[in-house]
Amino acid sequence: MSNAKEILGLQDQRFAVMAAKDYGKLADLVHDELVYTHSHAGVDNKAAWMESMTSGRVTYKAARLSDRRARVYGDVALITGTGALDVEVGGQPKTMKLRFLEAWTRTPKGWKFVAWQSTSMPA
């Protein structure tokens, strides 16, 4: 039986492999139908989101997440919270302060990250 703690652990794992640039492991965690909505309102599918990292255009350095809450509804899990993400975009360091909604879905191959929606928070 999956619970909130397991889902939060998967989110931690996702951010850890992103920071480690372990894109093979990251691809295993991500659902093929990913919808990734950035805080700037742009939307990526799995291929575009992964390419932004594998090309080096975007590099995630660290994520400091807080106020997280995970809820599991059958085969869907939702995580809400806030975070400060340290990234490099086009070689320029940036810290993004966000409020987010992240979704995971249970598949025959385990839980997969299927959606992200974030909103910028005031500095």
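Further up the page is the structure itself.
What counts, and where the lines are drawn
- Here the residue numbers are simple positions, counted from 1 along each chain's written sequence.
- Owing to the predicted nature of the model, reporting of local features is limited to residues with pLDDT of at least 70; listing and counting of side-chain atom pairs is limited to 80 or more, with chain, interface and lining totals taken over all residues.
- Only heavy atoms go into the side-chain values, all of them from the structure, while hydrogens and water stay out.
- Any residue under 20% of the maximum accessible area for its type is buried, any over 50% is exposed, and the rest in between are partly exposed; the area is computed with a 1.4 Å probe on protein chains only.
- The helix and strand labels rest on DSSP assignments: H or I over at least four residues marks a helix, E over at least two residues marks a strand, and numbering proceeds from the N terminus.
- The directions from the helix axis to the C-beta atoms are what the arc is built from.
- Contact definition: two residues touch when any of their heavy atoms are within 4.5 Å.
- Under the rule applied, a polar contact is a pair of N or O atoms within 3.5 Å (in protein, one hydrogen donor and one hydrogen acceptor; residues adjacent in sequence only if both atoms are side-chain atoms).
- For a helix, the expected span equals 1.5 Å multiplied by the number of residues minus one.
- In this scheme Phe, Tyr and Trp rings, the latter by its six-membered ring, pair at centre separations within 6.5 Å, and the angle between planes marks the pair as stacked below 30 degrees, edge-to-face above 60, and tilted otherwise.
- For a Lys NZ or an Arg CZ to count as sitting over a ring, it must be within 6 Å of the ring centre and within 35 degrees of the ring normal.
- Between Lys or Arg on one side and Asp or Glu on the other, a salt bridge is scored when a side-chain nitrogen of the former is within 4 Å of a carboxyl oxygen of the latter.

Student: Summarise helix 3 (residues 46–54); cite the residues concerned and give the values.
Tutor: Of the residues making up helix 3, those classed as buried are K46, W49, M50, S52 and M53. Seen end-on, helix 3 carries its buried residues on one side only, within an arc spanning 150 degrees. Buried residues along helix 3 sit in contact with helix 1 (4–19), helix 2 (23–29), strand 1 (30–37), strand 2 (43–44), strand 3 (58–73) and strand 6 (110–120). The distance from a side-chain oxygen at the start of helix 3 to the backbone nitrogen of A47 is 3.2 Å, and the residue carrying that oxygen is N45. Once helix 3 ends, the next one or two residues include G56, with phi positive near 90 degrees.

Student: Which residues make up the environment of K61, and what values do they have?
Tutor: Inspection of the secondary structure puts K61 in strand 3. Placed 25 residues apart in sequence, K61 and D86 show a C-alpha to C-alpha distance of 5.3 Å. Those residues in contact with K61 that sit more than four places away from it in its chain are A19, D86, V87 and E88.

Student: Explain helix 1 residue by residue, including any values.
Tutor: For helix 1, which comprises 16 residues, the first-to-last C-alpha distance of 23 Å matches the rise-based estimate of 22 Å (1.5 Å per residue) to within 8%. Within helix 1, burial applies to I7, L8, L10, Q11, R14, F15, V17 and M18. Capping the start of helix 1, N3 holds a side-chain oxygen 3.1 Å from the backbone nitrogen of K5, two or three residues further along. Among the residues trailing helix 1, K21 stands out with phi positive, at a value near 60 degrees.

Student: Explain the packing of aromatic side chains to me, and be specific about the residues and the numbers.
Tutor: How two aromatic rings sit relative to each other is set out by the distance from centre to centre and by the angle between their planes. The full count for this structure, using the stated rule, is 7 aromatic pairs. Here W104 and F113 contribute two aromatic rings whose centre-to-centre distance is 5.8 Å and whose plane-to-plane angle is 45 degrees, an arrangement assigned as tilted. Among the aromatic side chains, those forming a connected cluster through ring pairs are F15, Y36, W49, F100, W104, F113 and W116. Positioned over the ring face of F15 is R14, at 4.3 Å from the centre of the ring. The ring of F113 has R14 sitting right over it, with the charged end atom 4.0 Å from the ring centre.

Student: Account for the pattern of salt bridges, with residues named and values stated.
Tutor: Counting across every chain of the model gives 7 salt bridges. R14 is the partner of E102 in a salt bridge, and the nearest nitrogen-oxygen pair spans 2.9 Å. With E102 in strand 5 (residues 92–107) and R14 in helix 1, this pair connects stretches of sequence that are 88 residues apart. Taken as a pair, E102 and R14 share a single burial class, namely buried. The salt bridge partner of D32 is K46, with a shortest N-O separation of 3.1 Å. Note that D32 is positioned in strand 1 and K46 in helix 3, a separation of 14 residues in sequence. Among the residues examined, D32 registers a relative accessible area of 64% and is labelled exposed.

Student: Could you give an account of the side chain of T105, with specific residues and numbers?
Tutor: Its location among the elements puts T105 in strand 5. Of the polar contacts made by the side chain of T105, one reaches the backbone oxygen of D75; its length is 3.1 Å. Excluding anything up to four places from it in sequence, T105 contacts H31, D75, G110, W111, K112 and V114.

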